[in-house]
There are 2 protein chains.
Amino acid sequence: MRERRLIERIRKLAKPHAASSLVVQGIGDDCAILQLPPGRQLLVTTDLCVENVHFRRKWHPAPSVGHRCLARGLSDIAAMGGTPVACFLSLGIPTMGSPTFPQPWVDGFLRGLLDLAQSFHVQLAGGDISSAAEVVADIVVTGHAPASKAILRSGARPGDRIYVTGSLGGSAAVLHQLLAAKRVRATRSSTHFYPQPRIQVGQWLQKRGLATAMIDLSDGLSVDLSHICEESRVSASISPKKIPVAEGSRLELALHGGEDYELLFTAPKSARLPAHIAGVAVTEIGTIGNPQNYSSAIQILGENGSIQSLPQQGWEHFKRR
Amino acid sequence: MRERRLIERIRKLAKPHAASSLVVQGIGDDCAILQLPPGRQLLVTTDLCVENVHFRRKWHPAPSVGHRCLARGLSDIAAMGGTPVACFLSLGIPTMGSPTFPQPWVDGFLRGLLDLAQSFHVQLAGGDISSAAEVVADIVVTGHAPASKAILRSGARPGDRIYVTGSLGGSAAVLHQLLAAKRVRATRSSTHFYPQPRIQVGQWLQKRGLATAMIDLSDGLSVDLSHICEESRVSASISPKKIPVAEGSRLELALHGGEDYELLFTAPKSARLPAHIAGVAVTEIGTIGNPQNYSSAIQILGENGSIQSLPQQGWEHFKRR
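Residue numbers here run from 1 along each chain, matching the order of that chain's written sequence. Labels follow written order: the first chain is A, the first ligand is 1, and so on. Local features are withheld for residues below a pLDDT of 70 in this predicted model, meaning they are given only at 70 or higher, and side-chain atom pairs are given and counted only at 80 or more; totals for whole chains, interfaces and linings count all residues. Computation of side-chain values covers all heavy atoms of the structure but excludes hydrogens and water.

S.K.: Is there a simple way to explain the sheet that holds strand E1 (residues 23–25) of chain B in this structure?
M.R.: Pairing between the strands of a sheet comes from backbone hydrogen bonds, and it takes one of two forms, parallel or antiparallel. The strand order across the open sheet formed by six strands is E5(A)-E4(A)-E6(A)-E3(A)-E2(B)-E1(B), and the pairing between neighbours is mixed. Among the strands making up the open sheet, the edge pair consists of strand E5 (123–131) of chain A together with E1 of chain B. The average undirected angle you get between the axes of adjacent strands in this sheet is 25°. In this analysis, strands are considered paired if DSSP registers two or more bridges between them. Each helix is a run of H or I in the DSSP string that is no shorter than four residues. Each strand is a run of E no shorter than two, and both are numbered from the N terminus. In this structure, strand E3 (residues 40–50) of chain A lies alongside strand E6 (residues 136–146) of chain A, joined through 11 bridges in antiparallel fashion. Looking across to E6(A), one finds that A:Leu43 is bridged to A:Gly143. What makes two residues a contact is simply this: any of their non-hydrogen atoms within 4.5 Å. Fitted lines through C-alpha atoms give the axes, limited to the stretch in contact for helices. The angle between two N-to-C directions lies from 0 to 180 degrees. Helix-sheet contacts for helix H2 (residues 62–78) of chain A involve E3, strand E4 (83–93) and E6 of chain A, and the interaxial angle to E3(A) is about 150°.

Here it is, written out as structure tokens:
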């Protein structure tokens with residue numbers, strides 16, 4: 001059975017990697033069994049990555065695809081201020097194990113995924129395998145946060161300040177280069193190919209109770225900030241000149257480009273936030289306002305005092321070609 | 001954004017359905033948040049369903065596809081003796097929301113999934129959406145079992161008796177009819193179109209500590225019994241004439257056909273098992289033996305005292321056509 005061989009291969013590759021003491025039973029039974037620390041609630045997030053929608057095999061080396069798929073889930077755990085524990089991989093691949101779909105690609109994909117998992121002490125604890133018309137990888141990440149203390153999207157209050165970590169628009173700038181058929185080297189330091197989930201920043205904010213609301217920047221600032229506004233029933237105004245635009249990118253991509261996997265959060269005006277948390281820059285970019293018409297909940301403050309609505313142009317991944 | 005519209009649609013359809021008191025935060029934040037009852041461990045299972053591998057849209061009505069996808073995960077929870085709590089759906093659909101892929105199919109799929117979820121008080125607590133070349137649905141089910149009391153595959157001991165619930169081969173018999181281009185009505189009572197996960201049977205066995213090992217029959221008796229033999233490091237012998245063959249099916253399909261989603265379990269010789277548990281027939285079919293060569297771990301006992309090895313013909317789903 002091909003499926004069986006592939007599962008054995010995954011178990012073998014996963015074996016030298018992280019084992020979490022909270023995983024009672026990993027790959028190899030009908031379910032995985034996890035133990036939560038006392039006083040903790042479970043966090044669960046799922047992210048579906050589809051070939052030619054979320055990645056392209058000709059653009060993204062296999063380890064980058066594995067890394068990016070898992071980074072999406074870890075970033076969701078970060079956005080709750082949580083601690084990741086275990087991940088699960090459901091992998092569909094074309095004509096499974098046949099010469100037309102080489103094993104080295106699957107090995108590279110798993111290596112990228114497992115290396116990132118290891119760096120956060122996350123264990124690959126289960127999953128499923130199927131053939132599929134193209135590569136699909138659904139990744140579940142489970143984690144925990146202190147009971148009733150996870151940071152939701154719904155806690156922002158008028159007067160709160162709005163912050164982002166790191167710099168924005170870097171991933172989208174690389175995507176534009178790829179779409180323009182430019183060659184881009186997939187270096188380990190590239191936020192497009194190897195984004196770094198901000199787990200430590202999220203935990204730092206959670207422990208100190210400083211953030212009133214938080215989300216990760218997966219769809220782009222304009223869309224993700226609108227989620228906070230919707231769930232918190234508030235509005236927001238941001239100053240474009242304060243937005244930390246990534247090197248080689250531009251303001252428009254910082255506002256609307258996705259997949260930076262930085263954190264966007266709000267904190268009371270009185271909160272004193274350091275310039276860096278866990279080595280990552282933190283920048284104040286705006287203020288939460290009163291609720292209003294949510295279709296134009298986000299305003300851009302111009303330098304001359306002008307006010308414009310920020311459209312939610314959103315990030316619909318790259319279109320099939 | 002089409003993705004957004006579809007997510008709103010899913011939230012709307014899910015709203016009147018089951019809400020679990022253990023789900024603290026459902027659809028609508030970066031992660032779902034779940035609370036486990038004290039003294040319980042978390043169970044997690046993922047099942048990837050791919051169009052033309054696990055179902056065909058021309059054969060399986062949309063509600064049957066949704067039901068079957070979730071039934072796989074619930075059956076894994078049943079096989080641990082666990083209680084399901086919440087499910088998560090990652091759904092990839094062709095040319096999302098376009099006229100070529102009608103909304104009624106998605107609505108029907110969700111109705112089938114949500115109706116089954118509701119019948120077990122399981123809440124749809126999150127998921128993800130993407131376009132994809134064909135329909136893919138990865139379903140995660142989370143549940144719980146008393147700490148260290150979930151029923152594993154690894155506890156079978158020589159001398160234990162082997163039992164199955166219900167009858168076997170019924171789903172494969174329908175599949176053979178479909179493959180032969182026969183018309184089959186997708187009635188609610190069909191185990192192929194609407195399999196019933198044996199949650200109550202699993203819980204009954206777990207509470208009484210009667211089962212030493214358990215697995216659900218998803219791949220077929222010959223393959224799934226070999227998993228128990230491998231994980232428990234034992235062998236098994238079964239009597240074909242004792243196997244409860246489903247009406248309209250035959251012994252070969254009962255031995256090797258998959259997707260019956262009945263439970264296969266072992267219990268000490270001294271255990272007294274009723275003929276029915278939670279209304280489902282329970283049949284003794286064989287005995288666990290000493291470890292030996294695992295490549296022929298399962299023996300078939302002939303009526304004349306003959307002994308044959310049972311090949312693991314397995315269930316590789318139906319091939320693409």
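S.K.: Would you explain the relation of the copies chain A and chain B in this entry?
M.R.: Look at the two chain copies: a rotation about an axis and a shift along it is all it takes to match them. Each copy is superposed on the other by least squares, with the fit set by C-alpha atoms of residues at a pLDDT of at least 70 in both. Superposition of chain A onto chain B requires a rotation of 180° combined with a translation of 0.0 Å along the rotation axis, giving an RMSD of 0.0 Å. Viewed as a symmetry operation, the transformation between the two copies matches a two-fold axis. By residue overlap, the copies meet face to face through one surface: 100% of the interface positions of chain A are interface positions in chain B.

S.K.: I'm lost on the interface of chain A and chain B in this one. Help?
M.R.: Many descriptions give the size of an interface as the accessible area lost when the pieces come together. Taken together, the 59 residues of chain A in the interface contact 59 residues of chain B. The quantity reported as buried area is the accessible area (1.4 Å probe) lost by two parts once they are put together, taken as the sum for both. Of the roughly 4,800 Å² buried at the junction of chain A and chain B (both faces included), carbon and sulfur atoms supply 52%. B:Asp128 is the salt-bridge partner of A:Arg72, the closest N and O atoms lying 3.1 Å from each other. Polar contacts here mean pairs of N or O atoms no more than 3.5 Å apart (in protein, one a potential hydrogen donor and the other a potential acceptor; neighbouring residues in sequence count only if both atoms are side-chain atoms). The interface formed by chain A and chain B includes 22 residue pairs in polar contact (both at pLDDT 80 or more). A total of nine residues in the side of chain A that touches chain B trace back to one element, the largest contributor, which is E3(A). For the side of chain A that touches chain B, the residue count by class is 26 nonpolar, 15 polar and 18 charged. Taken together, the three bridges between strand E2 (residues 32–34) of chain A and strand E3 (residues 40–50) of chain B define a ladder with antiparallel strand orientation. Residue A:Ile33 lies in a different strand from E3(B), and its bridge partner there is B:Leu43. Every case where a carboxyl oxygen of Asp or Glu lies within 4 Å of a side-chain nitrogen of Lys or Arg is listed as a salt bridge. Only Asp, Glu, Lys and Arg are considered charged, only Ala, Val, Leu, Ile, Met, Phe, Trp, Tyr, Cys and Pro nonpolar, and every remaining residue, Gly among them, polar.

S.K.: It is not clear to me how unusual backbone geometry should be interpreted in this structure. Could you clarify?
M.R.: Keep in mind that most residues, glycine aside, have a negative phi and that most peptide bonds are trans. Positive phi, normally seen in glycine, also occurs at A:Ala278, with a value near 50°. Locating A:Ala278 in the fold gives a position in the loop between strand E11 (276–277) and strand E12 (280–289).

S.K.: Explanation requested: the pattern of salt bridges in the structure shown.
M.R.: This model, assessed by the stated rule, comprises 20 salt bridges over all chains. One network of salt bridges, in which partners are shared, links A:Asp29, A:Asp30 and B:Arg153.

S.K.: Mind showing me how you'd approach helix H3 (residues 103–119) of chain A here?
M.R.: The α-helix advances 3.6 residues per turn, and as a result positions three or four apart in sequence lie on the same side. Here H3(A) spans 24 Å end to end across 17 residues, near enough to the 24 Å set by a 1.5 Å rise per residue. Using a 1.4 Å probe on the protein chains alone, a residue whose accessible area is under 20% of its type maximum counts as buried, one over 50% counts as exposed, and one in between counts as partly exposed. Within H3(A) the residues assigned to the buried category are A:Trp105, A:Val106, A:Asp107, A:Gly108, A:Phe109, A:Leu110, A:Gly112, A:Leu113, A:Leu114, A:Leu116 and A:Ala117. The length a helix should cover is 1.5 Å for every residue beyond the first.

S.K.: In this structure, what is going on with the packing of H2(A) against H3(A)? I would like to understand it.
M.R.: The packing of two helices is summarised by the inter-axis angle and the distance between the axes. Residues and elements named next belong to chain A. Direction vectors running N to C along H2 and H3 enclose 40°, while the axes themselves pass 6 Å from each other. Regarding the angle of H2 to H3, the classification is oblique. Here H2 runs over H3; the crossing is right-handed. Counting all contacts with H2, which are made through Ala62, Pro63, Val65, Gly66, His67, Cys69, Leu70, Ala71 and Leu74, the residues of H3 involved are Trp105, Gly108, Phe109, Arg111, Gly112, Leu113, Leu116 and Ala117. Each residue belonging to the contact of H2 with H3 can be placed in one class, and the counts come to 12 nonpolar, four polar and one charged. Throughout this description, any angle smaller than 35 degrees is read as roughly parallel, any larger than 145 degrees as roughly antiparallel, any in the 65 to 115 degree range as roughly perpendicular, and the remainder as oblique. Crossing handedness: left-handed means the near helix sits turned counterclockwise from the far one by under a right angle, and right-handed means the same turn made clockwise.

S.K.: Just checking my understanding: could you explain the side chain of A:Arg72 for this structure?
M.R.: Looking at the secondary structure, you find A:Arg72 in helix H2. Owing to a relative accessible area of 10%, A:Arg72 belongs among the buried residues under this scheme. A polar contact of 2.8 Å, which involves the side chain of A:Arg72, links it to the backbone oxygen of A:Leu48. Polar contacts involving the side chain of A:Arg72 include one to the side chain of B:Asp128, which spans 3.1 Å.

S.K.: Teacher, can you tell me more about the side chain of B:Glu51 here?
M.R.: Residues and elements named next belong to chain B. Structurally, the position occupied by Glu51 is in the loop between E3 and helix H2 (62–78). Owing to a relative accessible area of 7%, Glu51 belongs among the buried residues under this scheme. In this structure the side chain of Glu51 is engaged in a polar contact, spanning 2.7 Å, whose partner is the backbone nitrogen of Val135.

S.K.: Before we go on, may I ask you to explain the packing of aromatic side chains in this structure?
M.R.: To describe a pair of aromatic rings, one takes the distance between the centres and the angle between the planes. All names here are of chain B. Ring geometry is summarised as follows: Phe, Tyr and Trp rings, the Trp one being its six-membered ring, pair when their centres sit within 6.5 Å, and such pairs are stacked at plane angles under 30 degrees, edge-to-face over 60 and tilted between the two. For the structure shown, the criterion picks out four aromatic pairs over all chains. When the ring of Tyr163 is compared with that of Phe265, the centres are 5.2 Å apart and the planes differ by 15°; the resulting orientation is stacked. Here Tyr163 is found in strand E7 (residues 161–165), whereas its partner Phe265 is found in strand E10 (residues 263–267), with 102 residues between them in sequence. Per residue, the accessibility class of Tyr163 equals that of Phe265, and both read buried.

S.K.: Teacher, can you tell me more about the state of the cysteines here?
M.R.: In a disulfide, the sulfur atoms of two cysteines are held together by a covalent bond. Only a pair of cysteine sulfur atoms within 2.5 Å qualifies as a disulfide here. For the structure on display, the rule yields zero disulfides over all chains. No disulfide involves A:Cys87; its sulfur sits 11 Å from the nearest other cysteine sulfur, which is in A:Cys69. The exposure class assigned to A:Cys87 is buried, which follows from its relative accessible area of 1%. Counting only cysteine sulfurs, B:Cys69 is the nearest neighbor of B:Cys49, a cysteine outside any disulfide, at a range of 3.3 Å.

S.K.: For this particular structure, what's the right way to read the environment of A:Pro146?
M.R.: Mapping A:Pro146 onto the fold places it in strand E6. As a C-alpha pair, A:Pro146 and A:Leu205 span 59 residues in sequence and 13 Å in three-dimensional space.

S.K.: Looking at this model, I keep getting lost on the confidence of the model for chain A. Mind explaining?
M.R.: As a note on interpretation, predicted positions should not be read in detail where pLDDT is low. Residue and element names in this part refer to chain A. pLDDT expresses how confident the predictor is about each individual residue, on a scale running from 0 to 100. Looking at chain A, the pLDDT average stands at 91 and 94% of residues meet or exceed 70. Counting contacts from residues 315–321, a segment whose pLDDT is below 50, to residues more than four positions away or on other chains yields 34 contacts. Across the whole predicted complex the pTM is 0.93, and at the interface the ipTM reaches 0.93.

S.K.: Teacher, can you tell me more about the pairing of strand E12 (residues 280–289) of chain B here?
M.R.: Side-chain direction in a regular strand flips from residue to residue, so the side chains alternate between the two faces of the sheet. Residue and element names in this part refer to chain B. For E7 and E12, the ladder comprises five bridges, and the chain directions are antiparallel. If you follow Ile162 over to E12, its bridge partner there is Gly286. By the bridge criterion, two bridges tie strand E11 (residues 276–277) to E12 in an arrangement that is antiparallel. Within the sheet, the bridge partner assigned to His276 lies in E12 and is Ala281. Hairpin geometry of E11 and E12 is characterised by an intervening segment of two residues between the two adjacent antiparallel strands and by a positive phi of about 50° at Ala278.

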